[in-house]
Amino acid sequence: MKLSYYAITAVLVVLLSSNYVAAETLQQAWDIALKEDHSLKAVHETTRSNELQLQAAKAARFPRVSLGAGYTVLDDIPGAEVNFSGLSTQFPLAERESLSYSATSQLPIYTSGKISESIKAASASLEASQRFELGKSLDLKLNVAEAYVAVLRSEKSLQVVNSHVESLASHLDDAKNLHQQGMVSKNDWLAAQVALADARQGSIQMANRVDLNKSVYNRLLGRELQQLVALEEIETFEFNESLELLTNRAINKRYELLVLREQINALTHQAAAIRAESGPHLALTGGYTFQENQYQIHEGQWGVNLGMQWKIFDAGLIRDKASSTEHRAAALERQYDDLLTTIQLQVRQYWLDTKETVKRIKVSQISIAQAEENLAVNRDRYENGLSTNTDVLSAVTLQTRSQNNHANAVYDAVLASLRLKRAVSDL
């Protein structure tokens, strides 16, 4: 009972400590970044703008109602002169000062497809914006994942460097003791000191890199740069699908291609909407108009008008504007074709990287065990005067290199799998 009490107390002390940071998973990092990233918020505002553009395009189909009012002052009373059987007479037509107001409504009946094409263009633009926003979310997740792995990699490298320092410090003690016993020259002791100083310098540099990588990671999550960071390790993802299946999935799902396709659709419909301006347009107009005038029998009038407008000649203005828009769509078609091959190459590269890193991990695991055995043998031989100081220092270097190679292979495998998942839009 007492042991349990002390255990609980110890846990509480650790949890309440200001230096304690719970290990953060990659999924948690993604959730925070997607919520806090300013660039993603900017993209969302663009999507919202396109939503309103679509609403505006649809609103063109409905009646528009307008109100007007005015007060008119003339320098003289308007009048008319009439001649009856040689007799000329004048009479007023309107008041010198008068009030007028009106309420009119206009409903488009036929626009040669301009409204419908404008709606399709706005809808395609919105679809492109939405897909772009989803794609930027994937880009952000990959950026966060790369920063996450960079922190883990640098922390592991720091561990390896510190282990290297410990090994050299242990060898320095051995060299010092053997020198004091007269078994080795002072040169061995000095060489071990130089190697240890060099390793400590590397440890300082790596610690600085760890701090910088954590600052980069914190920035992506919208945090203070100096905030403490503790991350969970990541396992590599296995891909059982063939390269062909992964490539086809990327072609069907990559937002870059989908955005370009929707942008092409939008420009195509915009060109059709522009061309529709040269066709006949019918509109129904109606409303009420009041003109203050005591000489007029009915000051207020209700009216309905069915009107048509048809631009017969405009010196090629509409045609050229539509053609210009169609050429912009054609340019995007060429970009689409180029990007398609780029994505195919990207998928192949990351697929090959995943295969390569798996092989490297297996080889590096074996080399670690061999390097550790080699170091142990050389240390034992050195203590017995059968090996040189250089042999021991080389063995320590080989051990450190094998550990770094294994760590890099592991984190390269993690990055390759993450990048491949991003390449096929499954991140």
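So, a few notes on the structure that sits alongside this text. (Residues numbered from 1 in each chain as written. Predicted model: local features only at pLDDT ≥ 70, side-chain atom pairs only at ≥ 80, totals over all residues. Heavy atoms only, no water.)

A grouping of Ile-109, Tyr-110, Leu-284, Val-304 and Leu-306 is seen on the molecular surface, where their side chains present a nonpolar patch of about 520 Å² in accessible area. Elements with a contribution of two residues or more to the nonpolar patch: strand S4 (97-110) and strand S6 (300-309). Looking at the element boundaries, Ile-109 is found in strand S4. We classify Ile-109 as partly exposed; its relative accessible area is 47%. (Patch = residues over 30% accessible without salt bridge, like charges linked within 9 Å, V, L, I, M, F, W, Y side chains within 5 Å. Areas by Shrake-Rupley, 256 points an atom, 1.4 Å probe, with all protein chains shown as cover. Salt bridge = Lys/Arg side-chain N within 4 Å of Asp/Glu carboxyl O. Helix = DSSP H or I, 4+ residues; strand = E, 2+ residues; numbered from the N terminus. Buried < 20%, exposed > 50% of the residue type's maximum accessible area, 1.4 Å probe, protein only.)

Two packed helices can be described by the angle between their axes and the distance between those axes. Between helix H8 (residues 317-383) and helix H9 (residues 389-423), the least distance of the axes is 7 Å, while the angle of their chain directions is 160°. With respect to H9, the axis of H8 lies roughly antiparallel. By crossing handedness, the relation of H8 to H9 is classed as left-handed. Residues belonging to the contact of H8 with H9 are distributed by class as follows: 18 nonpolar, 16 polar and 7 charged. (Axes fitted to C-alpha atoms, helices over the stretch in contact; angles between N-to-C directions. Parallel < 35°, antiparallel > 145°, perpendicular 65-115°, else oblique. Left-handed = near helix turned anticlockwise from the far one by under 90°. Nonpolar A, V, L, I, M, F, W, Y, C, P; charged D, E, K, R; others polar.)

Right, let's talk about the side chain of Asp-37 for a bit. If you trace the backbone, Asp-37 turns up in the loop between helix H2 (26-36) and helix H3 (38-59). Of the side chains with opposite charge, Arg-219 comes closest to the buried, unpaired Asp-37, at an N-O distance of 6.4 Å. (Lys, Arg positive; Asp, Glu negative; His and termini not counted.)

Turning next to the nonpolar core. Judged by nonpolar contacts, the single largest core of 26 residues is most densely connected at Val-144, Tyr-148, Tyr-217 and Leu-418. Going through the elements one at a time, H2, helix H4 (114-180), helix H5 (186-220) and H9 are the ones with two or more residues in this core. Considering every element that reaches this core, the biggest residue donor is H4, with 10 residues. Discounting residues that sit within four places of it in the chain, Tyr-148 has contacts with Glu-24, Thr-25, Leu-26, Ala-29, Tyr-217, Leu-231, Glu-232 and Ile-234. Core analysis: the second largest hydrophobic core is formed by 18 residues, Leu-243, Ile-264, Ala-329 and Leu-332 among them. (Core = buried A, V, L, I, M, F, W, Y, C linked by side-chain atoms within 4.5 Å. Contact = heavy atoms within 4.5 Å.)

Here Trp-351 lies in helix H8. For Trp-351 and Lys-421, which are 70 residues apart along the polypeptide, the C-alpha to C-alpha distance reads 9.6 Å. The residues touching Trp-351, leaving out its near neighbours within four places in the chain, are Glu-241, Leu-243, Leu-246 and Leu-420.

Turning to the sheet that holds S4, a few remarks are in order. The strand order across the open sheet formed by 4 strands is S1-S4-S5-S6, and the pairing between neighbours is antiparallel. Two strands in the sheet have a free side with no partner beyond their single neighbour: strand S1 (64-73) and S6. Going from strand to strand, the sheet's axes swing by 20° on average, the running direction of each strand aside. Inspection of the sheet shows strand S5 (residues 281-291) paired to S6 by 10 bridges, in the antiparallel sense. When the bridges of S6 are listed, Phe-290 appears paired with Gly-300. (Pairing = 2+ DSSP bridges.)

Honestly, that's just the spatial picture; any functional story needs more than this.
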